[in-house]
Amino acid sequence: MQNNHQSTYAIVALTEVGKKTALTLQEKLDKKSTVYTMPKISDERTVALQGSPVKAIATLFTEVDVLICIMATGIVVRSIAPVVADKAADPAVIVMDEKATNVISLLSGHLGGANTIATQIAELLGGNPVITTATDVQNVAALDTLAQSVNGWRSELRPFIKPFNSYLGSKKTVYFYQEKPWVSDFRGLTVIGKDDLENVLQGSDPIIVMTTEQMDVFRDDVAVIYPKPYILGVGARKDVAADVFAQGFHLFCQQEGIHPNEIAKIVSIDVKKEEHAILELAKTLSCPFETFTKEQLLVVADKYPQSEFVKKTVGVGSVALASADVASGGQVLTDRFAKDGCTYALAKYPVQR
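Presented here is a report on the structure given in the accompanying data block. (Residues numbered from 1 in each chain as written. Predicted model: local features only at pLDDT ≥ 70, side-chain atom pairs only at ≥ 80, totals over all residues. Heavy atoms only, no water.)

This part takes up the overall build of the protein. If you tally the helices and strands in the protein, you get 13 helices and 16 strands. Taken over C-alpha atoms, the radius of gyration comes to 23 Å for the protein, in line with the 20 Å a tight globule of 353 residues would show. Taken across its 353 residues, the protein has 48% of its residues classed as buried. Sequence separation of 24 or more characterises 59% of the internal contacts of the protein that already satisfy a separation of 6 or more. Of the roughly 17100 Å² of accessible surface on the protein, a fraction of 50% belongs to carbon and sulfur atoms. Here the protein carries 35 positive and 40 negative side-chain charges, and the mean point of each set is 5 Å from the other. (Helix = DSSP H or I, 4+ residues; strand = E, 2+ residues; numbered from the N terminus. Rg over C-alpha atoms; globule rule 2.2 N^0.38 Å. Buried < 20%, exposed > 50% of the residue type's maximum accessible area, 1.4 Å probe, protein only. Contact = heavy atoms within 4.5 Å. Areas by Shrake-Rupley, 256 points an atom, 1.4 Å probe, with all protein chains shown as cover. Lys, Arg positive; Asp, Glu negative; His and termini not counted. Charge placed at Lys NZ, Arg CZ, Asp CG, Glu CD.)

Further remarks concern helix α10 (residues 276-285). Every buried residue of α10 is accounted for by A277, I278, L281, A282 and L285. Along the axis of α10, the buried positions cluster into a sector of 135°, meaning they face one direction only. Facing away from the buried surface of α10 by more than 90 degrees, the exposed residues are K283 and T284. If you follow the buried residues of α10, they end up packed against β12 (230-236), α9 (242-256), β13 (263-269) and β14 (289-292). Positive phi shows up at S286, right after α10, with a value of about 55°. (Arc of directions from axis to C-beta.)

Here we have four strands laid out as an open sheet, ordered β9-β8-β10-β11, and parallel in their pairing. The sheet is open, and its two edges are formed by β9 (190-191) and β11 (222-225), each paired on a single side. Where strand β10 (residues 207-210) lies against β11, four bridges are found, and the strand directions are parallel. The residue bridging M210 from the neighbouring strand is I225, located in β11. Of the strands in this sheet, β10 and β11 are in contact with helix α7 (residues 158-169), which crosses β11 at around 120°. The strands touched by helix α8 (residues 194-201) are β8 (175-178), β10 and β11; relative to β10, the strand with the most contacts, the crossing angle is about 135°. (Pairing = 2+ DSSP bridges. Axes fitted to C-alpha atoms, helices over the stretch in contact; angles between N-to-C directions.)

Right, let's get into the environment of G233. Summarising the element assignment, G233 is placed in strand β12. Residue classification places G233 among the buried positions, given a relative accessible area of 0%. The residues touching G233, leaving out its near neighbours within four places in the chain, are V267, A320, A324, T343, Y344 and A345.

Of all nine residues that make up helix α13 (residues 320-328), nine are buried, and the element is covered over most of its length. On its buried face, α13 sits against β12, β13, β14, α11 (294-301) and β16 (342-348).

Turning next to the side chain of R219. When you line up the elements, R219 lands in the loop between β10 and β11. Residue R219 is classed as buried on the basis of its relative accessible area of 18%. For R219, the side chain forms a polar contact with the main-chain oxygen of V200, separated by 3.1 Å. Within the structure, R219 has its side chain in polar contact with the side chain of D221 (distance 2.8 Å). (Polar contact = N/O pair within 3.5 Å; in protein donor to acceptor, adjacent residues only side chain to side chain.)

Where α11 contacts α13, the two axes come as close as 9 Å, and the packing angle between them is 95°. As far as their axial angle goes, α13 and α11 are roughly perpendicular. Note on element contacts: α13 touches α11 through A322, S323, D325 and V326, opposite Q296, L297, V300 and A301. In the contact of α11 with α13, the residues fall into five nonpolar, two polar and one charged. (Parallel < 35°, antiparallel > 145°, perpendicular 65-115°, else oblique. Nonpolar A, V, L, I, M, F, W, Y, C, P; charged D, E, K, R; others polar.)

Have a look at this one:
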C-alpha cells in the first residue's frame, strides 16, 4: 500500500485584511497550506470558497488536519458545529482576528495539536496565544499529550482522559512510570522507578505507565501507554527467508537499543509489497507495511549512500533509508544496517499533524 500522508493546513479568511494576514502566515509557516478566501477577493495566490462560507468551512473541516480561521469565533463555531465528531479524529481548529492579536486554540487542543499550533502562530505573528485546556492553564502534563508524543494514542485510552487530566489539573498525586526515557515532560506527575512500580500498582493512587510489555490492568485508574515512536525502513533480497529477515531485524534492534514493539510501521519500495519475509515481520509486530514508488524515493535517495546493484535492480540505490526518510518527513535516526542481503533503518514517527 502506498502512503505519503502529509499534514494539510487550510487558512480561511473572509476579508481583504484577513487575506493579507493569511498570506503572511502561509509564508512564515513551514507547512503545506492553502489559503481560501471569498470569491470577490480571490486571486492566483488563493482558492475561492465554494458556496456559503459556513458550508465551505464545514467541508474543509472534514478534509484537512489543521483549520485556521481568520474571522469571528462565532462564525467558526456555527460552521463546524454540525461536523464535529470525535476528539481523536477532529482536526485542530485555530481562530484568530485579522491582526493576529489573539490566536485561539478552539478545538482538538491536545490530540489535534491546536494548542501547539496556536502558540507557534502567535510567535510567528507577534500575537497572544489563547489556550483554555485545564492542564495547560495549570501548567501540568496531559494524558492525551503524553500518549501522542510517543505515538501511543489508542482508543482504549479515551475513558481515561477526562479523569486523569482532571487529577492533574487539580494537582492530585498522579504517579508516572516509563520503561525507557521516552518523555521528559513530567509537569504535575510524581515520577517513580521500577522498584516502586509494584507497590504503587497495589495502591489506589492513579498512575500512568509507559511500557512495551502488554499489561493486564484491573484498576480503572491505571492508564497504560504503549509507545510506538519509530518507523522501520527496510530492503530485502528477493525471496529471503522470513527467519533470516527477522534475525537481522532483531540484531538491528539490539544495536539501536530499541524494543521491537516500538515499531509503528514498516516501509519499503513498492516492488517489495509482496515480499513474504517483510509481510511476516509486519504480521509479527502487528503493524502496517506501507510502500513508496521509485519516483517518491528518488526525491530523497541522494542524501544517503547508494548501492549500484540495488539501483540497477529496483531503480533507486537507497531503499531502507530513503523509505524511512519519506515516511517520516526526513526524520531519519540511524545509518543503514545490513545483514544477509537485508537492510534496516530507523526514523522517528511524525506524530505532529
